[in-house]
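Breakdown of the fold
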Amino acid sequence: MGTRTVRLSAAFALALAIAPAVAQQQKYDLLLKGGHVVDPKNQLSAVRDVAIAGGKVALVASNIAAADASKVVDVSGLYVTPGLVDIHVHVFAGTGERGSYAGDNSVYPDGFTLRAGVTTVVDAGSSGWRSFEDFKDRVIDRSKTRVLALLNIVGAGMRGARFENDLADMEAKPTADMALRHKGIVVGIKTAHYAGPEWTPVERAVEAGTIANVPVMVDFGTNHAERPLADLVTKKLRPGDIYTHMYSGLRNELVDGHVNPGMREGRQRGVIFDVGHGGGSFVWRIAAPAVKEGFVPDSISTDLHIGSMNAGMKDMLNVMDKFLAMGQSLDQVVRWSTWNPAREIRREELGHLSVGAPADVAVLSVEKGRFGFVDIYGARLAGTQKLVCELTLRDGKVVYDLNGLTRQDWTTLPRDYRQTGDAKWDALTPAPVRRDPR
Ligand SMILES: [Zn+2]
């Protein structure tokens, strides 16, 4: 509240005239009132108020007094969830080879995440140990989105086939060293797109993951009889390692129309199965029967990049919609997009709304109507509901507000509000550059 007193200005004096409550010492900076809170970690799915103070969740309860908050936002009829956590994206933009994932197939995160309720993303191996610090400088340190990374086992990162098939540049030690140097930001190791028959990329990634004590995510590349999927998830990966692209259809995820028994065995061992929709890895004829058999994801992720987001995959909410369309509950879908992925990357302070947690919050509406959801081959599944992001908070600050839910009606503002601004808006809008640790 100290900052509020030093912010006293003509603008503020005017604001006081309209909203005298601001003058008192409120316990909370922001109160989201009347929404249906879905917080799977805390087994909560009910109408609750959410109070935020100092960028943290301060209280989740029924009927928190409006007078206790500097700003009250009516979110009745909407869902309030933890900020979404997307553990497979490509955001190493502005560098690299043409068409590569570290390069012009990557997007800058803030343009695509906040508007979909996503507050944390994990770049899945666009950078390797040789390029990570450049990535951190260009993107991680400049984004409003919380950007974390899986280091590619390829030192050069995802710069195209020539680099990604170079076994000589897959070194466990320097990869692990870089991961340890940026502990908490580098949350794991990635191996991807390998076209050869050897297990070397997986083995080196697991070795790096073991040294750095972080999980490994695998995009299993080209299918080879020499290295079957069942062996990957039952023998090569450790419990807690992540098989992404679980419904790709490219690596025998279904056998004779049923879920590969190796995948079930892998899941029993503790291997994680992640969606990683992308431009080439989500197929209705694989996903629908697998989900029907109960082989649902541990986590939903987009594999966001320029190719995927302009094709079947639109954004995180679209991938969540696809699971709603397959009959999964909203509570379940939110779990797969918040608490489960946060746990998988061992950032357990994220993905929930416990008191004291960073106030990363998504406020979502569920639109009813006639919608269609498209897989990577262009096949469509009809659905009747669609999630829309109304409001996103990162560390308690408004970073996206579709319908101006947090804003005042213009007729209630001082006459020349262009000049006077809005003290509360300033207080809720973050500085552009964030500091470590994220
Ligand atoms: Zn990817």
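Look a little higher up for the structure.
For every chain, the first residue of its written sequence is number 1, and the numbers climb from 1 along that sequence. At least 70 in pLDDT is required for a residue's local features to be given in this predicted model, at least 80 for side-chain atom pairs to be given and counted, and no such filter applies to totals for whole chains, interfaces and linings, which use all residues. The basis for every side-chain value is the complete set of non-hydrogen atoms in the structure, without hydrogens or water.

1. Thoughts on the packing of aromatic side chains
- Stacked, edge-to-face and tilted labels apply to pairs of Phe, Tyr and Trp rings (six-membered ring for Trp) whose centres lie within 6.5 Å, assigned for plane angles under 30 degrees, over 60, and everything in between, in that order. Within this structure, the stated rule accounts for 10 aromatic pairs.
- Seen from their ring centres, Y247 and F282 are 6.1 Å apart, and the 90° between their planes marks the pair as edge-to-face. One end of the pair, Y247, is in the loop between β11 (242-243) and β12 (254-255); the other, F282, is in the loop between β14 (272-273) and α9 (284-292), with 35 residues separating them in the sequence.
- The classification of residues rests on relative accessible area computed with a 1.4 Å probe and restricted to protein chains. Under 20% of the type maximum is buried, over 50% is exposed, and intermediate values are partly exposed. On the accessibility criterion, F282 (0% relative accessible area) is buried.
- Connected via pairs of aromatic rings, a cluster forms that spans Y247, F282, W284, F323 and W336.
- By definition, being over a ring means that NZ of Lys or CZ of Arg is both within 6 Å of the ring centre and within 35 degrees of the ring normal. R227 extends its terminal NZ or CZ atom over the ring of F220, reaching a point 4.9 Å from the ring centre. Secondary structure elements are defined from DSSP: runs of H or I of at least 4 residues count as helices, runs of E of at least 2 residues count as strands, and each element is numbered from the N terminus.

2. Here's the deal with the pattern of salt bridges
- In what follows, salt bridge is the name for a side-chain nitrogen of Lys or Arg lying within 4 Å of a carboxyl oxygen of Asp or Glu. Throughout the structure, instances matching the rule amount to 18 salt bridges.
- The salt bridge partner of K173 is D177, with a shortest N-O separation of 3.1 Å. With K173 and D177 both in helix α5 (residues 172-181) and four residues apart, the pair spans about one turn of that helix.
- Residues R394 and D395 are paired through a salt bridge, measuring 3.2 Å at the closest nitrogen-oxygen approach.
- The structure contains a network of salt bridges with shared partners spanning R146, D360, R394 and D395.

3. A closer look at the sheet that holds strand β10 (residues 216-218)
- For two strands to pair, DSSP has to find at least two bridges joining them. The strand order across the open sheet built from seven strands is β6-β7-β8-β9-β10-β11-β14, with neighbouring strands paired in parallel fashion. Looking at the sheet topology across the chains shown, the edges are occupied by β6 (84-89) and β14.
- Two elements, β10 and β11, share two bridges in a ladder whose sense is parallel. Across the sheet, V218 pairs through a bridge with Y243, a residue of β11.

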